[in-house]
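What the coordinates show
If you want the building blocks of each chain, they are given just below.
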Amino acid sequence: MGLGPRGRGAGAAGRGAGGNGAGAEGSGKDEYMTQEEEWDRDLLLDPAWEKQQRKTFTAWCNSHLRKAGTQIENIEEDFRNGLKLMLLLEVISGERLPKPDRGKMRFHKIANVNKALDYIASKGVKLVSIGAEEIVDGNVKMTLGMIWTIILRFAIQDISVEETSAKEGLLLWCQRKTAPYRNVNIQNFHLSWKDGLAFNALIHRHRPDLLDYDKLDEDDPIGNINLAMEIAEKHLDIPKMLDAEDVVNTARPDERAIMTYVSCYYHAFAGAQKAETAANRICKVLAVNQENERLMEEYERLASELLEWIRRTIPWLENRTPEKTMQAMQKKLEDFRDYRRKHKPPKVQEKCQLEINFNTLQTKLRISNRPAFMPSEGKMVSDIAGAWQRLEQAEKGYEEWLLNEIRRLERLEHLAEKFRQKASTHEQWAYGKEQILLQKDYESASLTEVRAMLRKHEAFESDLAAHQDRVEQIAAIAQELNELDYHDAASVNDRCQKICDQWDSLGTLTQKRREALEVKTEKLLETIDQLHLEFAKRAAPFNNWMEGAMEDLQDMFIVHSIEEIQSLISAHDQFKATLPEADGERQAILSIQNEVEKVIQSYSMRISASNPYSTVTVEEIRSKWEKVKQLVPQRDQSLQEELARQHANERLRRQFAAQANVIGPWIQTKMEEIARSSIEMTGPLEDQMNQLKQYEHNIINYKHNIDKLEGDHQLIQEALVFDNKHTNYTMEHIRVGWELLLTTIARTINEVETQILTRDAKGITQEQMNDFRASFNHFDRRKNGLMDHDDFRACLISMGYDLGEAEFARIMSLVDPNGQGTVTFQSFIDFMTRETADTDTAEQVIASFRILASDKVSHPAAGCKDSVALLFSPSLAWIRGKLVLPFMLLSGCFNAEFGPLDHSLGDLHKTSPNYEPCCDLTEKASCSYWVCGGSS
């Protein structure tokens, strides 16, 4: 009896070592094996199931043992000495086992069974609670459990269908093969097989020549099962492993018996399945390649069309040929608005779609281990971005030029009209003046007439001096028209030159006539002459004042704000305030003429009452005064109308500003929300995608506000309003922000799609994705979705990497191939995907601890309240806000008898002051981790 315990101990130790060694062989496949192998010693098999398993497992073992020329009759008796068990393992594995002990003593049998069990454990099978003594003692339950474990390992575990394996792979294979058959719906390995149709469907799918499936009767399950087993035994070399009556009459047939029998079908048809799998794989690769080629061609086509459109558009925007008329420039402005509204928005969408297609294509190529796509020369995303930037620069410059040209032409039209009015007035005044000054009528005139001529000439000189300002204004306007490049500057210059030449001639002739008159005349003292002279001197300035007033009252004006029009109204009010004083001057001038007439009448003088010194008559003064009085209210009305127009423009400004001041911050807020969401979002990527799609939906629904603002902006431009002090946002700012918002949300959605593609292609779990995101966000100090080199180095060190400069440079070449100095979340995911491809899960590690502790684990130590799922986490684990390092394997968290901790681990805090143990490490280990109390 002393040998029994030692045999179990050796067997368990050997199997434990074998289990650890096989972890690298297939850790990802063991989850199903681990669950199936937990054989409870205290439970008894259902008698019906035990009967089915005896028959099935015996038939299965004999199907292999017959290759060695032997067989078994009683499964629990014939394996007791371990010889046929070792022979069975050699047949199904094709490998030699250690030489068996030929003695008949109990310890010889236990030794042989342990050799068999050690071999099974070396293949990565965890034999829980199955010892050599139970097999030697003929324990039916343990023997059946051992055979089932062998069947799982050598007949079922290696089945792989569409990325599923073992039981799930076999079930999926059955479902795929029987999908076209009526009345067959395989959902499990018990009830779905009771009518026998599934067995026949599998045979007919691969060998339709062996049976006529349409003639099967659903109501004859026993006949269907027997027919399938007879055909399988005769034509497929699959022995009968089931009793049709047991399958049909049992409420729930034994799942393991059915799985064992069906696995024989799978292996019998494995050759055909492998050929089909190979064909599917080739088709899948070809489909992926064709799709990639299509995306490449689509990218090249879209890039060519977009670049060609930009190439055609930029010269149009860079054309600065000025137009001569306001109407032509307005036509150019309208064409530019059509470009902004109709032609550019589709191209913005094409550019965004082009970037999305490029990123998707690169992701697919990277996932399928294909070289990155390199577009044709000049068609890189950076080339398109550069061309687009040049387009927007040209667009901005063209708009500024259009507005400046419209202002210039508006100013030119105003100046040209003003020039024409002043020139016409001056020309009318100067008409005939040279002929009068050239007359020599004084040579035959009397003294009285000469005196009259002199007085008249003095009045003309006064009138001439009064017109000096008007001539200077005409010359100044002509000069400004030349400086502003007026299209009809030649005719303006010609007319101005004639006026200036005529003005110089009038000045010369005036001086000569005065000299001639002064030689022949004496000082005239008569009262009438003095009165006439006083009238002429006062009437001429007053007449000029009235003419100037009429010009000002009829003068065109251009204002751009309420303040400017109010300034004109104030000036007009000041002018009206001077009217009483002007009326007093008018009455004084008229009283002079009345005094002349009174003197002539009083002294019965026989001379004319007309004033020889002035061309301004009393009637003319009265007429012009009445004209001024009429123009004043007209000017009032035009100023008030302009004030109303400016108020309307101000309302447009405020209306635009009210919307822009809401839309601008809204766009900025959405940009910040998207930026935050790309960093802070957790949970499944599909939920993140739905959230981003909701963002995109909300943004698209906001488009009507942009369109309304565009409408208000058009009204402002049509009203020729060029400034707005109520907002800092221009329509250009809003357009650029809107386009950037659309591009950003599309790019963010594309990034999440890329992460989904990467996750699905690499088999990353959602929990791992969340761990990656948590680690990345923790070390992303600037919270901008990027880690610089120092952040990334700290992240690697925290995960246990021993980084030298060369190793860090190698890793940086993987995550930052372009040398931009930052690591994106996508690059971080790609790196972590490669690094964690073969890592163990928490459940597998817990199961390993249970094996090592011989099933003595009850619960984690009382002091370790946090989940042991943190064991060997591929990234840092955070507990209660502190960093937990992955040292749990070295501790005794499970109360197993491992003895005290290594002193080197207990002394860790001496060299690492930022680390503090969560328990007393000098005693027996009862804690599973270290906690970092300082900052990471």
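Residues numbered from 1 in each chain as written. Predicted model: local features only at pLDDT ≥ 70, side-chain atom pairs only at ≥ 80, totals over all residues. Heavy atoms only, no water.

Looking at an unreviewed UniProt entry, one finds the chain named Actinin alpha 2 and attributed to Falco tinnunculus.

Turning our attention to the overall build of the chain. Looking only at helices and strands, the chain features 35 helices and eight strands. Looking at the 936 residues of the chain, the share that counts as buried comes to 47%. Residue pairs at least 24 apart in sequence account for 75% of intrachain contacts in the chain once pairs closer than 6 positions are excluded. Counting every atom, the chain has about 47,900 Å² of accessible surface; 51% of that belongs to carbon and sulfur. (Helix = DSSP H or I, 4+ residues; strand = E, 2+ residues; numbered from the N terminus. Buried < 20%, exposed > 50% of the residue type's maximum accessible area, 1.4 Å probe, protein only. Contact = heavy atoms within 4.5 Å. Areas by Shrake-Rupley, 256 points an atom, 1.4 Å probe, with all protein chains shown as cover.)

Model confidence for the chain is summarised by a mean pLDDT of 77, while 80% of its residues fall at 70 or above. This model gives residues 1-44 a pLDDT under 50, and the stretch forms 71 contacts once residues within four places in sequence are excluded. The low-confidence segment residues 520-525 (pLDDT under 50) makes 19 contacts with residues lying over four places distant or belonging to another chain. (pLDDT = per-residue confidence, 0-100.)

Taking 1.5 Å per residue as the helical rise, helix 9 (residues 140-156) with its 17 residues ought to reach 24 Å, and the 22 Å between its terminal C-alpha atoms agrees with that figure. Counting buried positions over the 17 residues of helix 9 gives 16, a clear majority of the element. Where helix 9 begins, the capping side chain belongs to Asn139, and its oxygen is found 3.0 Å from the backbone nitrogen of Lys141. (Expected span 1.5 Å × (residues − 1). Polar contact = N/O pair within 3.5 Å; in protein donor to acceptor, adjacent residues only side chain to side chain.)

When the terminal C-alpha atoms of helix 23 (residues 562-577) are compared, their 22 Å separation across 16 residues agrees well with the 22 Å that a helix rising 1.5 Å per residue should span. Residues of helix 23 that are buried: Ile562, Ile565, Ile569, His572 and Phe575. End-on, the buried residues of helix 23 take up no more than an arc of 140°, which puts them together on one face. Residues of helix 23 that are exposed and point over 90 degrees away from its buried face: Gln574 and Ala577. (Arc of directions from axis to C-beta.)

Let us look at the packing of aromatic side chains. Centre distance and the angle of the planes are the two values used to describe a pair of aromatic rings. All chains considered together, the criterion is met by 29 aromatic pairs. When the centroid spacing of 6.2 Å and the interplanar angle of 10° are considered together, the rings of Phe57 and Trp148 count as stacked. Of this pair, Phe57 sits in helix 4 (residues 47-65) while Trp148 sits in helix 9, placing them 91 residues apart in sequence. Across this residue pair, the class does not change: Phe57 and Trp148 are buried. Cation over ring: Lys433 sits above Trp429, and NZ or CZ is 5.0 Å from the ring centre. In this structure, Arg793 is placed above the aromatic ring of Phe808, and the distance from its NZ or CZ to the ring centre is 4.0 Å. (Phe/Tyr/Trp six-rings, centres within 6.5 Å; stacked < 30°, edge-to-face > 60°. Lys NZ or Arg CZ within 6 Å of the ring centre and 35° of its normal.)

This structure, assessed with the given rule, holds 62 salt bridges. The residue Arg514 makes a salt bridge to Glu461 at a minimum N-O spacing of 2.7 Å. Here Glu461 lies in helix 19 (residues 447-466) and Arg514 lies in helix 21 (residues 489-520), a separation of 53 residues in the sequence. Its relative accessible area of 16% is what places Arg514 among the buried residues. A salt bridge links Arg538 to Glu534, with the shortest nitrogen-to-oxygen separation between them at 3.5 Å. Of this pair, Arg538 and Glu534 are both found in helix 22 (residues 527-554), four residues apart, which corresponds to roughly one turn of the helix. One network of salt bridges, with partners in common, ties together Arg340, Lys344, Glu392, Glu395, Glu399, Glu710, Glu732, Arg735 and Glu739. (Salt bridge = Lys/Arg side-chain N within 4 Å of Asp/Glu carboxyl O.)

As a further point, take the environment of Lys576. Looking at the secondary structure, you find Lys576 in helix 23. Residue Lys576 is classed as partly exposed on the basis of its relative accessible area of 29%. Residues Lys576 and Lys629, 53 residues apart in the sequence, show an inter-C-alpha distance of 9.8 Å. Among all residues touching Lys576, those that are not within four sequence positions of it are Val632 and Asp636.

On to the UniProt feature "domain: EF-hand" (unreviewed entry) in the chain. According to UniProt, the "domain: EF-hand" (unreviewed entry) feature falls on residues 767-802 and 803-838. For the annotated span residues 767-802, helix accounts for 64% and strand for 8% of the residues, and the straight-line distance between the end C-alpha atoms is 25 Å. (UniProt positions renumbered as here; feature names shortened; annotations may be inferred.)

Here we come to the side chain of Asn544. Mapped onto the secondary structure, Asn544 falls in helix 22. In this structure, Asn544 is in contact with Asp463, Ala466 and His467, ignoring residues within four places of it in sequence.

On to the nonpolar core, then. Counting residues in hydrophobic clusters, the biggest one holds 80 residues, and the most contacted among them are Trp60, Trp193, Phe199 and Tyr265. Looking at which element gives the most residues to this core, the answer is helix 9, with 11 residues. What Trp193 contacts, discounting residues up to four positions off in sequence, is Cys174, Ile186, Asn188, Ala198, Phe199, Leu202, Ile225, Val247, Ile258 and Val262. The next biggest cluster of nonpolar side chains, apart from the first, holds 48 residues, and it includes Trp666, Trp738, Val815 and Phe825. (Core = buried A, V, L, I, M, F, W, Y, C linked by side-chain atoms within 4.5 Å.)

Tracing the backbone through its elements, the reader meets Thr313 in helix 15 (residues 270-318). Looking at Thr313, the relative accessible area reads 8%, which means it is buried. For Thr313, the side chain forms a polar contact with the main-chain oxygen of Trp309, separated by 2.6 Å. Apart from residues no more than four positions distant in its own chain, Thr313 is found in contact with Tyr339 and Leu391.

Here Asn183, not a glycine, exhibits a phi torsion of approximately 65°, which is positive. Within the element layout of this structure, Asn183 appears in the loop between helix 10 (166-178) and helix 11 (197-206). Exposure remark for Asn183: the relative accessible area of 41% places this residue in the partly exposed category. In this model, Asp237 sits at a positive phi of 60°, which is unusual for a non-glycine residue. Turning to its location among the elements, Asp237 is positioned in the loop between helix 12 (221-235) and helix 13 (244-249).

Let us look at a negative patch on the surface. Negative charge collects at one region of the surface, where Asp217, Glu218, Asp219 and Asp220 lie side by side. Within the secondary structure layout, Asp220 lies in the loop between helix 11 and helix 12. (Patch = residues over 30% accessible without salt bridge, like charges linked within 9 Å, V, L, I, M, F, W, Y side chains within 5 Å. Lys, Arg positive; Asp, Glu negative; His and termini not counted. Charge placed at Lys NZ, Arg CZ, Asp CG, Glu CD.)

In this section: the packing of helix 4 against helix 6 (residues 83-93). The N-to-C vectors of helix 4 and helix 6 enclose an angle of 65°; their axes lie 9 Å apart at closest approach. With respect to their mutual orientation, helix 4 and helix 6 come out roughly perpendicular. The two elements helix 4 and helix 6 meet at a crossing, and its hand is left-handed. Packed against helix 4, whose contacting residues are Trp60, Cys61, His64 and Leu65, the element helix 6 presents Lys84, Leu87, Leu88, Val91 and Ile92 at the interface. Here the residues of the contact of helix 4 with helix 6 sort into seven nonpolar, one polar and one charged. (Axes fitted to C-alpha atoms, helices over the stretch in contact; angles between N-to-C directions. Parallel < 35°, antiparallel > 145°, perpendicular 65-115°, else oblique. Left-handed = near helix turned anticlockwise from the far one by under 90°. Nonpolar A, V, L, I, M, F, W, Y, C, P; charged D, E, K, R; others polar.)

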